[in-house]
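Listed below, chain by chain, are the residues.
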Amino acid sequence: MKQPESHILVIFGASGDLTKRKLIPALYELHTQNLLPEKLAVLGVARTKLTDLEFRENMKEFLPDQQHTQKDIDAFLEHLYYQPLSTADAVDYPILKKRLELLSKELSIPENYIFYLSTPPNLYEIIPQSLAEVGLNEPVSGYKRLIIEKPFGTDLKSAKELNKNLLNYFNEDQLYRIDHYLGKETVQNMLVTRFSNGIFEPIWNRNFIHHVEITSAETLGVEDRGGYYDHSGAMRDMVQNHLMQLVGLVAMEPPVVIEADAIRNETLKVFQSLRPITEAEVAKNVIRGQYIRSNHGKEPVIGYREEHGVDPLSKTETYLAMKFFIDNFRWAGVPFYIRTGKKLPARVTEVVIHFKNTPHHLFGNTDNADAINNQLVLRIQPDEGILLKIGMKVPGAGFHVQTVNMDFHYSELSDVYLPSAYGRLLLDCMQGDATLYSRGDAVEKAWEFVQPILNAWQNNPEIPVYGYPAGTWGPEVVDDLMEEGMWRYPCKNLSHDGEYCEL
Ligand SMILES: NC(=O)C1=CN([C@@H]2O[C@H](COP(=O)(O)OP(=O)(O)OC[C@H]3O[C@@H](n4cnc5c(N)ncnc54)[C@H](OP(=O)(O)O)[C@@H]3O)[C@@H](O)[C@H]2O)C=CC1
Ligand SMILES: O=C1O[C@H](COP(=O)(O)O)[C@@H](O)[C@H](O)[C@H]1O
């Protein structure tokens, strides 16, 4: 693998949650895999006053628990530096510029800079603008790249404004909009499964596929992010970005080459072909839910409205299931179903391709409906892998059909290193590869699709928000949404906390 060029990574929001929980551990992982460039400085920026040494000490406790020597840890921590700064204040940027010049000089690093925006999104306008004012957007004597964290706007209008603003100061090829789902190894494997196997691609269309089901279930609630989540909800938090990206990869045409724009052009075309759900159709095609107090388990679990930072009368959805169509040659008439929710019984993300039945039921005496409904399950997490369900004869007299599983688990490749999503994406940006980052036009298209649904909820408060007890699979009414069969309820063999879930 090509080693990235030496550079400085500036993290705005370095005293925040994302930096310590995801970014620093991901950088450490790259360090332990010898994937970092020869010379690297990570400059943390936030208002909190810290020295370089204090920043290193703070970050130390967030390094993943691995079998590494003190020497290894110290070598990693030496990459970290810190600059207290009020990023909202344009007058502070000359200080940043000076510090970058000094670091470049001291460490003999060319002026290759990556700026990572891990701050509240209301700073996404002022930071690029202020960087530009001091010339830190100009790719002279080194590249200048900008990574932006979601949310990319809170609705279609703000998403367009954000894109416009970013493009005032940076070119699209300098922008890296991160969607960590695209960094998941098994999400990328969807491309390989589809386009490198002669057996799948010819049947990956409306002639053979009956419907497609995508689930992303979480056992966690909103934890300490109630204040943020209550203004977001499952549609903005999960569907507009992560799940739409999964839809894009499942439904896209083969790209001409495996390159950023070729792949992103194809996902854009999928979003362009989504049949709009009009405001009038929302109640029928989109179900929203909210977890309520549950007394089923050993301990009672509080409801969403009792969570810290949440309005006690909140109507924000913590669960969403919807049905929609993609109006193009490949997918005409094939229903797509997606569902996502918090406080469900299992943590599981998977795509299920349901194939059409055989044209004639020769073995009509089967009492197992699955036997005549082949399914391909692409498990994204946990227990990453692939499962194909096929019908087989039960040994003995007669022709009784039973469903059996052919499966592959990534865990079987024990010697293969599965990079974390953030590790993979950071490395890609360091190498200038935007393939797994979202492009502005696709982000806007995805917003265009979800916006009428958000409008309908806002304009029609009578559209129900169904309560579901925490720890259940969501409102029962979602079973009526799935006209083509039954939702797959995976994970019969759960650990007590729902974190382990067999294919
Ligand atoms: N946490 C997560 O798991 C995820 C987060 N995100 C997104 O990432 C971004 C960061 O999230 P998260 O880390 O959770 O947020 P936090 O609230 O934990 O951290 C925000 C950071 O921004 C800094 N900050 C706030 N205002 C200013 C300012 N005026 N000048 C300089 N720094 C400022 C804060 O530091 P200080 O107060 O010291 O200035 C802090 O370091 C958000 O946009 C979020 O939506 C996206 C996906 C997941
Ligand atoms: O972006 C987000 O994703 C997480 C789920 O990510 P996963 O990798 O654990 O599947 C979600 O919990 C969070 O609310 C959302 O902001």
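These numbers were taken from a predicted model, which means no experiment stands behind them. (Residues numbered from 1 in each chain as written. Chains lettered and ligands numbered in written order. Predicted model: local features only at pLDDT ≥ 70, side-chain atom pairs only at ≥ 80, totals over all residues.)

## Some remarks on the overall build of the chain
Next, step 1: When helices and strands are tallied, the chain shows 14 helices and 15 strands.
Next, step 2: Since a compact globule built from 503 residues should have a radius of gyration of about 23 Å, the 24 Å found for the chain is in line with a globular shape.
Next, step 3: Projected onto its principal axes, the C-alpha positions of the chain cover 80 × 50 × 50 Å.
Next, step 4: Among the 503 residues that make up the chain, the fraction classed as buried is 41%.
Next, step 5: In the chain, of all internal contacts separated by at least 6 residues, the share reaching a separation of at least 24 is 78%. (Helix = DSSP H or I, 4+ residues; strand = E, 2+ residues; numbered from the N terminus. Rg over C-alpha atoms; globule rule 2.2 N^0.38 Å. Buried ≥ 20, exposed ≤ 12 C-beta atoms within 10 Å, placed from the backbone. Contact = placed C-beta atoms within 7 Å.)

## Examining the pairing of strand β8 (residues 286-292)
Within a regular beta strand, the side chains point alternately toward one face of the sheet and then the other, so they alternate between its two faces.
Next, step 1: With six of seven residues buried, β8 lies mostly within the body of the structure.
Next, step 2: Where β8 and strand β9 (residues 319-325) come together, four bridges link them in antiparallel fashion. Looking across to β9, one finds that R288 is bridged to L320.
Next, step 3: Taken together, the five bridges between β8 and strand β15 (residues 465-469) define a ladder with parallel strand orientation. What sits directly across from Y291, in β15, is Y468. (Pairing = 2+ DSSP bridges.)

## A look at the sheet that holds strand β11 (residues 348-355)
Next, step 1: Spatial strand order, β14-β13-β12-β11-β7-β10-β9-β8-β15: nine strands in an open sheet with mixed pairing. Edge strands, defined here as strands with exactly one partner in the open sheet, are β14 (401-409) and β15. Neighbouring strand axes in the sheet, compared pairwise and without regard to direction, differ in orientation by 20° on average.
Next, step 2: As judged from the seven bridges shared by β9 and strand β10 (residues 335-341), these two strands associate in the antiparallel manner. Across the sheet, residue A321 finds its bridge partner in β10, namely R339.
Next, step 3: The strands touched by helix α7 (residues 185-196) are β12 (375-381) and β13 (385-393); relative to β12, the strand with the most contacts, the crossing angle is about 145°.
Next, step 4: Relative to the sheet, helix α9 (residues 233-251) contacts β7 (209-217), β9, β10 and β11, its axis offset from that of β10 by approximately 140°. (Axes fitted to C-alpha atoms, helices over the stretch in contact; angles between N-to-C directions.)

## Considering the UniProt feature "active site" (unreviewed entry) in the chain
Next, step 1: In this numbering, the UniProt entry assigns the feature "active site" (unreviewed entry) to H242.
Next, step 2: Of note, H242 is situated in helix α9.
Next, step 3: In contact with H242, not counting residues within four places along its chain, are D179, Y181 and S216. (UniProt positions renumbered as here; feature names shortened; annotations may be inferred.)

## Comments concerning the domain arrangement of the chain
Many descriptions give the size of an interface as the accessible area lost when the pieces come together.
Next, step 1: Under the domain assignment, the chain is made up of domain 1 (7-149) and domain 2 (182-481).
Next, step 2: Centre-to-centre separation of domain 1 and domain 2, based on C-alpha positions: 34 Å.
Next, step 3: Contacts between the two partners involve 13 residues from domain 1 and, on the opposite side, nine residues from domain 2.
Next, step 4: Of all the secondary structure elements, the ones that give two or more residues to the side of domain 1 that touches domain 2 are α1 (17-32) and β5 (144-148).
Next, step 5: When residues of the side of domain 1 that touches domain 2 are assigned to their parent elements, the largest contribution, six residues, is made by α1.
Next, step 6: Its residues placed into classes, the side of domain 1 that touches domain 2 shows eight nonpolar, two polar and three charged. (Domains from an automatic or database assignment. Nonpolar A, V, L, I, M, F, W, Y, C, P; charged D, E, K, R; others polar.)

## Describing the site of ligand 1
Next, step 1: In the vicinity of ligand 1 there are 19 residues, among which G13, G16, L18, R47 and T48 approach most closely.
Next, step 2: Looking at side-chain class alone, the shell around ligand 1 contains seven nonpolar, eight polar and four charged residues. (Near = placed C-beta within 6 Å.)

## Quick word on helix α6 (residues 156-169)
Next, step 1: Look at α6: 21 Å from first C-alpha to last across 14 residues, which is about the 20 Å you get at 1.5 Å a residue.
Next, step 2: Those residues of α6 lying buried are L156, A159, L162, N163 and L166. Each buried residue of α6 lies within a common arc of 125° when the element is viewed along its axis, so the set occupies one face. For α6, exposure combined with an orientation more than 90 degrees from the buried face picks out K157, K164 and N168.
Next, step 3: For α6, the secondary structure elements touched by its buried residues are α5 (126-133), β6 (175-177) and α13 (440-459). (Expected span 1.5 Å × (residues − 1). Arc of directions from axis to C-beta.)

## What about unusual backbone geometry?
Next, step 1: Note that the residue after K150, namely P151, is joined by a cis bond; omega there is 10°.
Next, step 2: By secondary structure assignment, the location of P151 is in the loop between β5 and α6.
Next, step 3: For the peptide bond that leads from Q381 to P382, omega is -15°, which places it in the cis range.
Next, step 4: Examined against the element boundaries, P382 turns out to sit in the loop between β12 and β13.
Next, step 5: For S108, which is not glycine, the phi dihedral falls at a positive 55°.
Next, step 6: Relative to the assigned elements, S108 resides in the loop between α4 (93-107) and β4 (113-117).
Next, step 7: With a phi close to 50°, E223 is a non-glycine residue in the positive phi region.
Next, step 8: A count of 10 C-beta atoms within 10 Å places E223 in the exposed class.

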